[in-house]
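Residue strings, one per chain:
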Amino acid sequence: MYRFLLSRQWVILTLITLALIPTMIELGFWQLHRHEHKVALNRVISDSLAAKPVPAESLTGPGRKVAHQDLYRRVTATGTFDTADEVVVRRRTSSDEEVGFHVLTPFVLKDGRVLLVNRGWIPAAGAQTEFPEIPAPAKGELTVTGRLMADETTADSGIKDVRGLPDRMVMLINSEQQAKALGKRVLGGYVALTAPEPKGDTPELIAEPDHSGIGPHMAYAIQWWLFAAGVPVGWAVLVRREHRDRQEAAETEPTPTEPATV
């Protein structure tokens, strides 16, 4: 009755069905892991923002990576801005999704080490290849406060690290790259400035990260698992339908008549 399952068409369909089930289950777990990562990151952000500021030097140093639990931690540093080696980070958006630049200014500490400070967003004066006018930071020694961030990489950010850019332009905020460019000891990671606030409207300070939402990853995980459960059910329905159609066709097929005898 079910010999049709050995046909080429049904063997291929069955193999596809068997391949889809584990694939969809794996996709469901992938979305579950993304959900768990988002929940954990939200907890880190919340705890970091609620904690009291600590000296940046206590959480990072030259050649060091910012620890996951220290991401977004409020830190302070005392020193002076070095605008001579200031660069802009291309293709960054404002709170209104307008494309412009982030201003990355070296902040020289008392011991000569450098902390990279993202002073915020500024609009592009023209094309992205034209160096913009940058509002000057406060002069002299001062104390800054900001959120500690990890170095940006293409793998983590998805931003292609384009080479051959115009002078004083970069694609990524990366302490290792800036250490080579400056020839100085640069603390790992960077700081998104929160204080002191700029005197004018720009640079626009980087907004506090949203850590209230968890995204649709759990819903996607459940969706993939439902698909995985539905695939064998759909296969079984098709098999029963094929069996029924073949049985009905056999019942309605005319019976051959025997030849008349003389």
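Now for a quick tour of the structure. (Residues numbered from 1 in each chain as written. Predicted model: local features only at pLDDT ≥ 70, side-chain atom pairs only at ≥ 80, totals over all residues. Heavy atoms only, no water.)

**Let's talk about the packing of helix α1 (residues 8-50) against helix α4 (residues 217-252)**
- The N-to-C vectors of α1 and α4 enclose an angle of 165 degrees; their axes lie 6 Å apart at closest approach. Considering their axes alone, α1 and α4 lie roughly antiparallel with respect to each other. In terms of crossing hand, the pair formed by α1 and α4 is left-handed.
- Broken down by class, the residue content of the contact of α1 with α4 amounts to 21 nonpolar, six polar and two charged. (Axes fitted to C-alpha atoms, helices over the stretch in contact; angles between N-to-C directions. Helix = DSSP H or I, 4+ residues; strand = E, 2+ residues; numbered from the N terminus. Parallel < 35°, antiparallel > 145°, perpendicular 65-115°, else oblique. Left-handed = near helix turned anticlockwise from the far one by under 90°. Nonpolar A, V, L, I, M, F, W, Y, C, P; charged D, E, K, R; others polar.)

**A short note on the layout of surface pockets**
- Roughly 1,300 Å³ of internal volume is contained in the largest pocket.
- Along its surface, the largest pocket is lined by 43 residues, and Tyr 72, Met 149, Ala 150, Glu 152 and Tyr 190 are the ones closest to its centre.
- A per-element tally of the lining of the largest pocket places α1 first, with four residues.
- Grouping the constituent residues of the lining of the largest pocket by class yields 17 nonpolar, 13 polar and 13 charged.
- Volume-wise, the second largest pocket comes out at about 330 Å³.
- Lining the second largest pocket are 17 residues, with Val 87, Met 169, Val 170, Gln 178 and Ala 181 positioned closest to its centre.
- Broken down by element, the lining of the second largest pocket gets its largest block of residues, four residues, from helix α3 (residues 175-182).
- Of the residues in the lining of the second largest pocket, the class split is nine nonpolar, three polar and five charged. (1 Å grid on protein atoms, 1.4 Å probe; cavity = no way out; pocket = protein on both sides within 12 Å on 5 of 7 lines; lining within 4 Å. Points joined across faces, edges and corners; volume = space filled by probe spheres on them.)

**Description of a nonpolar patch on the surface**
- A grouping of Val 11, Leu 15 and Leu 18 is seen on the molecular surface, where their side chains present a nonpolar patch of about 270 Å² in accessible area.
- Mapped onto the secondary structure, Leu 15 falls in helix α1. (Patch = residues over 30% accessible without salt bridge, like charges linked within 9 Å, V, L, I, M, F, W, Y side chains within 5 Å. Areas by Shrake-Rupley, 256 points an atom, 1.4 Å probe, with all protein chains shown as cover. Salt bridge = Lys/Arg side-chain N within 4 Å of Asp/Glu carboxyl O.)

**As for the pattern of salt bridges**
- Taken as a whole, this structure holds seven salt bridges when the rule is applied.
- Taking the shortest distance from any N to any O, the salt bridge between Glu 86 and Arg 119 comes out at 2.8 Å. Taken together, the positions of Glu 86 in the loop between β2 (74-81) and β3 (87-93) and Arg 119 in strand β5 (residues 114-123) put the pair 33 residues apart, joining distant regions of the chain. Each of the two residues, Glu 86 as well as Arg 119, counts as buried.
- Between Glu 242 and Arg 246 there is a salt bridge, with the nearest N and O atoms lying 2.9 Å from each other. Of the two residues, Glu 242 and Arg 246 both sit in helix α4, four residues apart, roughly one turn of that helix.
- Judged by its relative accessible area of 44%, Arg 246 is partly exposed. (Buried < 20%, exposed > 50% of the residue type's maximum accessible area, 1.4 Å probe, protein only.)

**Quick notes on the nonpolar core**
- Val 75, Phe 107, Leu 115 and Val 144 are the most contacted members of the largest nonpolar core, which totals 36 residues.
- Among the elements of the structure, α1, β2, β3, β4 (99-109), β5, β6 (142-149) and β8 (190-195) are those that each provide at least two residues to this core.
- Discounting chain neighbours no more than four positions away, the residues touching Leu 115 are Ala 56, Ala 77, Thr 105, Pro 106, Phe 107, Leu 109, Leu 187 and Val 191.
- Formed by five residues, the second largest nonpolar core is a distinct cluster that contains Val 88, Phe 101, Val 103 and Met 169. (Core = buried A, V, L, I, M, F, W, Y, C linked by side-chain atoms within 4.5 Å. Contact = heavy atoms within 4.5 Å.)

**Overview of the pairing of β5**
- Summarising burial for β5: nine of the 10 residues are buried, a large majority.
- Where β4 lies against β5, nine bridges are found, and the strand directions are antiparallel. Within β5, the position partnered with Val 103 by the bridge is Gly 120.
- Here β4 hands over to β5 after four residues, with Gly 112 in that stretch at a positive phi of 95 degrees.
- Pairing analysis gives two bridges linking β5 to β8, with the strands arranged parallel. (Pairing = 2+ DSSP bridges.)

The quantities given are spatial measurements derived from coordinates; they are silent on function.
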